[in-house]
Amino acid sequence: MARRALITGITGQDGAYLAQFLLDKGYEVHGMVRRASTENFERIANLRDRLVLHQADLLDQLSIITLISEVRPQELYNLAAQSFVPTSWLQPLLTSEFTALGVTRVLEAIRLVDPTIRFFQASSSEMFGEAREEPQNERTPFWPRSPYGVAKAYGHWITVNYRESYGIFACSGIMFNHESPLRGKEFVTRKITDAVARIKLGRQDKLKLGNLDARRDWGYAGDFVRAMWLMLQQDKPDDYVVATGRQHTVREFCELAFSYVGLDWQEHVEIDPALFRPAEVNRLRGDATKARTVLGWEPTVTFEQLVRMMVDADLERVQAELAQEVSSGGS
Ligand code: NAP
Ligand code: F7E
């Protein structure tokens, strides 16, 4: 019989990559989606026929219990969250409800319905915040710098706590930034590659950014979902940093993305003070030695390949939009 997995946040970047990964492994894949007035399934459109989607919401305990009772998965990947850091200052309570308490709701449902379900929690390098050491590993203390980071720290510790209190096979993946052509356009990498494509094709001239000096450890989402799965295949549940170990500034990302299409970033990028954050996470770099040695996990896509992959995908998409406009204008 096929193994059954349930993914919360299946409509997001990681949800789409994980769904594809699990389908390729022969899983029966179920996804939790929240109700919206307009469907939001673009990222999983190509998989739609092979997935079973169910309505439930991280805010609604009964809906999660009902969902898990109906699906009875062997593995549950909790990827749903309010994941955009700036929004967490505008909506700190909602962020805590989704990103922090939502984790407890899922764990409580597992505890009640079937405590043998293996659980993955999508934790974040934002928990390290103003990091006490570099690179950061599983023992580096947390100092989150946003309501999002604080909420993720709660989600991490409640995952550890349910493992220790109830013996649930609960793993926390402390994931550093990971990107792809499916990344939301408000995150800095995709904001840049989308603008590069639009500028190159004459649809835009300027790109407003905030802090160009911030340093991140950027990896590829397709690599990160493999680490999630590997965690749930081990004999024992544990926590793992998932990162490339390489660090770049936002400025370097810009330079590479613009120069790839023959543009000078300095002619197009403007600094907008409104995009600076109330408290910044200046530098992050992960030490994934444990994931490498225990899980056998390795990233396969370099920073340079990632930037080019994202620019290429945005160029193709904007070109297709332009062609569509021309053909509908001409008809
Ligand atoms: P994303 O693209 O923003 O996707 C978030 C998902 O959560 C969406 O499917 C969204 O559904 C869903 N969601 C939000 N609130 C919900 C609610 N109340 N009930 C049900 N579903 C809800 O995020 P991502 O980049 O794929 O990241 C996946 C997870 O990893 C998140 O928990 C994120 O915080 C964490 N993480 C991400 C990174 C990264 O660099 N990408 C790094 C570390 C940790 P809608 O489509 O309906 O909005
Ligand atoms: O910002 C700087 C900004 O929004 C990266 C989420 O997936 O990864 C992500 O969080 C850096 C920051 O990602 C702009 O100040 C400059 O220093 O792409 P971001 P993030 O905040 O690191 C972690 C691991 C998660 O868990 C989160 O869910 O870029 N920056 N100018 C900008 N950032 C944005 N968004 N927009 C700008 O214009």
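Look above for the structure.
I will try to describe carefully the structure that is included in this document.

### Structural notes on the nonpolar core
If you look at soluble globular proteins, the nonpolar side chains tend to sit buried side by side.
So, step 1. In this structure, Leu22, Tyr77 and Ile192 are the most contacted members of the largest nonpolar core, which totals 77 residues.
So, step 2. Residues in contact with Leu22, not counting those within four places in the same chain, are Ala5, Ile7, Tyr27, Val29, Tyr77 and Trp229.
So, step 3. Counting residues in each nonpolar core, the second largest holds 24 residues, with Leu6, Val71, Val106 and Leu107 among its members.

### Topic: the site of ligand 2
So, step 1. Within the structure, ligand 2 sits among 24 residues, and Ser83, Ser124, Tyr148, Arg277 and Glu280 are positioned closest to it.
So, step 2. In the model, an oxygen atom of ligand 2 is placed 2.9 Å from a nitrogen or oxygen of the Arg183 side chain.
So, step 3. A distance of 2.8 Å separates an oxygen atom of ligand 2 from a polar atom in the side chain of Arg216.
So, step 4. In the complex, 95% of the free accessible area of ligand 2, which totals 690 Å², lies under the protein chains.
So, step 5. Taken together, the residues that form the shell around ligand 2 break down as ten nonpolar, six polar and eight charged.

### Points about the pairing of strand E4 (residues 75-78)
So, step 1. Neither face of E4 is left uncovered, since the one carrying Glu75 and Tyr77 and the one carrying Leu76 and Asn78 both have all their residues buried.
So, step 2. In this structure, strand E1 (residues 4-8) lies alongside E4, joined through four bridges in parallel fashion. Within E4, the position partnered with Thr8 by the bridge is Asn78.
So, step 3. Across four bridges, E4 lies against strand E5 (residues 118-124) in parallel orientation. Bridge pairing links Glu75 to Arg118 in E5.

### Considerations on the site of ligand 1
So, step 1. Neighbouring ligand 1 are 25 residues; Thr11, Arg34, Asn40, Ser83 and Tyr148 lie closest to it.
So, step 2. With respect to ligand 1, the backbone of Gly9 contributes an N or O atom lying 3.3 Å from an oxygen atom.
So, step 3. One of the backbone nitrogen or oxygen atoms of Gln13 is found 3.1 Å away from an oxygen atom of ligand 1.
So, step 4. Taken by itself ligand 1 offers 900 Å² of open surface, and the protein chains cover 90% of this.

Basis of the calculations
Residues numbered from 1 in each chain as written. Chains lettered and ligands numbered in written order. Predicted model: local features only at pLDDT ≥ 70, side-chain atom pairs only at ≥ 80, totals over all residues. Heavy atoms only, no water. Core = buried A, V, L, I, M, F, W, Y, C linked by side-chain atoms within 4.5 Å. Buried < 20%, exposed > 50% of the residue type's maximum accessible area, 1.4 Å probe, protein only. Contact = heavy atoms within 4.5 Å. Near = heavy atom within 4 Å. Polar contact = N/O pair within 3.5 Å; in protein donor to acceptor, adjacent residues only side chain to side chain. Areas by Shrake-Rupley, 256 points an atom, 1.4 Å probe, with all protein chains shown as cover. Nonpolar A, V, L, I, M, F, W, Y, C, P; charged D, E, K, R; others polar. Helix = DSSP H or I, 4+ residues; strand = E, 2+ residues; numbered from the N terminus. Pairing = 2+ DSSP bridges.

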